[in-house]
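Okay, here's what each chain looks like letter by letter:
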Amino acid sequence: MLLLVARTVSDHYFVVNVTAVSVSTFSIAKGILIGLWATVVAAAVPAIEATHYPPRLALARSVLEQRASNIIPILAAAGICLILVAILLLVFSGQSLIVGLNSLFMLIMGFAFCIPIFVRFMSAALAPLAGGFAGTAGRLAIGGVGKTLSRTGVAVVALSIAVSATIGVSVMVESFRSSVNEWLGTSLQSDIYVGVPRGVLNHELIDDLMAIPGIADFSTSRRAWLETAEGRTRIIALQMAPGSYA
């Protein structure tokens, strides 16, 4: 993502050579604390659940997969509810950034909750096809994805969100580049720009430039600061080409 953003800035504004992202100590500390908290919560749920089973059953893979299989429809229903709520919030939120970001988070979580049941159906549908191509080994490999969702479900969800985030940021950067291109093409239509840093072009020089063969028209601009009792005011004077006023 860093390369995409840096390339956009270099193409449209000025050349940058960014090779790393600096992260503040406070951000790292927050990440550590939140990570520890999330780990404790994630470990506490199965630990508490395991205390309600005999040790032999708690360690059995079949029991774990059965519990995961029972939870998947509930997760899918919750995911559909989150998606519907997110869509309603996006429709009626107007231009609220906070509501929009929360709706986007709910939308991502809603689709994430629906992924395991989708993986189960896809695994069941593709297992016979894989058996036809690769025999029993292929059927077991594809079928095992849907039978061991306590492990594969989390991995597939994590991969899906990571890929979607990459695609989303790529689309955002490309949209930004296209918008800047369109804005530059509309705002800066001249072929050549001449300026004097902290100075003013001589009027005779402008006349001489206009006398060069091939120049169709020109526009000028001047910027200055006006000092008043109320403070400094930026003044911009424009003399545009006739076709630019529209």
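In this text, all values refer to a predicted model and were calculated from it rather than measured experimentally. (Residues numbered from 1 in each chain as written. Predicted model: local features only at pLDDT ≥ 70, side-chain atom pairs only at ≥ 80, totals over all residues. Heavy atoms only, no water.)

K.L.:
Could you give an account of the overall build of the chain, with specific residues and numbers?
P.N.:
Along the backbone of the chain there are 7 helices and 2 strands. For a compact globule of 246 residues, the expected C-alpha radius of gyration is about 18 Å, and the chain comes in at 30 Å, more than 25% above that figure. Seen through its C-alpha atoms, the chain measures out along the principal axes to roughly 95 × 55 × 40 Å. Residues counted as buried form 15% of the 246 residues belonging to the chain. Sequence separation of at least 24 residues holds for 47% of the intrachain contacts in the chain that already meet a minimum separation of 6. (Helix = DSSP H or I, 4+ residues; strand = E, 2+ residues; numbered from the N terminus. Rg over C-alpha atoms; globule rule 2.2 N^0.38 Å. Buried < 20%, exposed > 50% of the residue type's maximum accessible area, 1.4 Å probe, protein only. Contact = heavy atoms within 4.5 Å.)

K.L.:
Before we move on, could you go through helix H5 (residues 97–147) and cite the residues and values that matter?
P.N.:
Given 3.6 residues per turn, any residue in an α-helix points the same way as the ones three and four places further on. Compared with the 75 Å implied by 1.5 Å per residue over 51 residues, the 41 Å span of H5 between its first and last C-alpha is markedly short. Its maximal kink placed at Ala134, H5 deviates by approximately 150°. If you check the start of H5, you find a side-chain oxygen 3.3 Å away from the backbone N of Val99, and it comes from Ser96. (Expected span 1.5 Å × (residues − 1). Bend = angle between axes of the 7 residues up to and from the residue. Polar contact = N/O pair within 3.5 Å; in protein donor to acceptor, adjacent residues only side chain to side chain.)

K.L.:
Give me the lowdown on the nonpolar core, citing residues and values where you can.
P.N.:
Core analysis: the largest hydrophobic core is formed by 8 residues, namely Ile72, Ala76, Ala112, Ile115, Ile117, Val119, Leu149 and Val157. Listing elements by their share of this core, those giving two or more residues are helix H4 (61–92), H5 and helix H6 (149–187). It is H5 that provides the largest number of residues to this core, a total of 4 residues. Sequence-distant contacts of Ala76, defined by excluding residues within four places in its chain, comprise Phe113, Cys114 and Ile117. (Core = buried A, V, L, I, M, F, W, Y, C linked by side-chain atoms within 4.5 Å.)

K.L.:
Describe in detail the pairing of strand E1 (residues 220–228), supporting the description with residues and values.
P.N.:
Across 9 bridges, E1 lies against strand E2 (residues 231–239) in antiparallel orientation. Each bridged residue has a counterpart across the sheet, and for Leu226 the counterpart in E2 is Thr233. Between E1 and E2, which follow one another and run antiparallel, lie 2 residues. (Pairing = 2+ DSSP bridges.)

K.L.:
Break down the side chain of Ser123 for me, citing the residues and quoting the values.
P.N.:
With respect to the element layout, Ser123 can be found in helix H5. Overall, Ser123 belongs to the buried group, its relative accessible area being 6%. Excluding residues within four positions of it along the chain, Ser123 makes contact with Ile142, Gly143, Val145 and Gly146.

K.L.:
With reference to specific residues and values, describe the packing of helix H1 (residues 2–12) against H6.
P.N.:
Packing of H1 against H6 brings their axes to within 10 Å, and their N-to-C directions diverge by 5°. By the criterion of interaxial angle, the relationship of H1 to H6 is roughly parallel. Touching Leu4, Val5, Arg7, Thr8, Asp11 and His12 of H1 are Ser170, Val173, Phe176, Arg177, Val180, Asn181 and Leu184, all from H6. By residue class, the composition of the contact of H1 with H6 is 6 nonpolar, 4 polar and 3 charged. (Axes fitted to C-alpha atoms, helices over the stretch in contact; angles between N-to-C directions. Parallel < 35°, antiparallel > 145°, perpendicular 65-115°, else oblique. Nonpolar A, V, L, I, M, F, W, Y, C, P; charged D, E, K, R; others polar.)

K.L.:
I'd love a proper account of the packing of H5 against H6, names of residues and values included.
P.N.:
Two measures define how a pair of helices packs: the angle their axes make with one another and the distance between the axes. At their nearest, the axes of H5 and H6 sit 9 Å apart, and the two run at 115° to each other. Considering only the axes of H5 and H6, their crossing is right-handed. In this structure, H5 uses Ile108, Ala112, Ile115, Pro116, Val119, Arg120, Val145, Gly146 and Lys147 to contact H6, whose residues at the interface are Leu149, Thr152, Val156, Val157, Ser160 and Ile161. Here the contact of H5 with H6 is built from residues that sort into 10 nonpolar, 3 polar and 2 charged. (Left-handed = near helix turned anticlockwise from the far one by under 90°.)

K.L.:
Give a description of a nonpolar patch on the surface that names residues and reports values.
P.N.:
A contiguous nonpolar patch, built from Leu2, Val18, Val21, Val23, Ile28, Ile32 and Leu36 and spanning about 610 Å² of accessible area, is present on the exposed surface. The element contributing the most residues to the nonpolar patch is helix H2 (residues 25–50), with 3 residues. Its place among the elements puts Val21 in the loop between H1 and H2. (Patch = residues over 30% accessible without salt bridge, like charges linked within 9 Å, V, L, I, M, F, W, Y side chains within 5 Å. Areas by Shrake-Rupley, 256 points an atom, 1.4 Å probe, with all protein chains shown as cover. Salt bridge = Lys/Arg side-chain N within 4 Å of Asp/Glu carboxyl O.)

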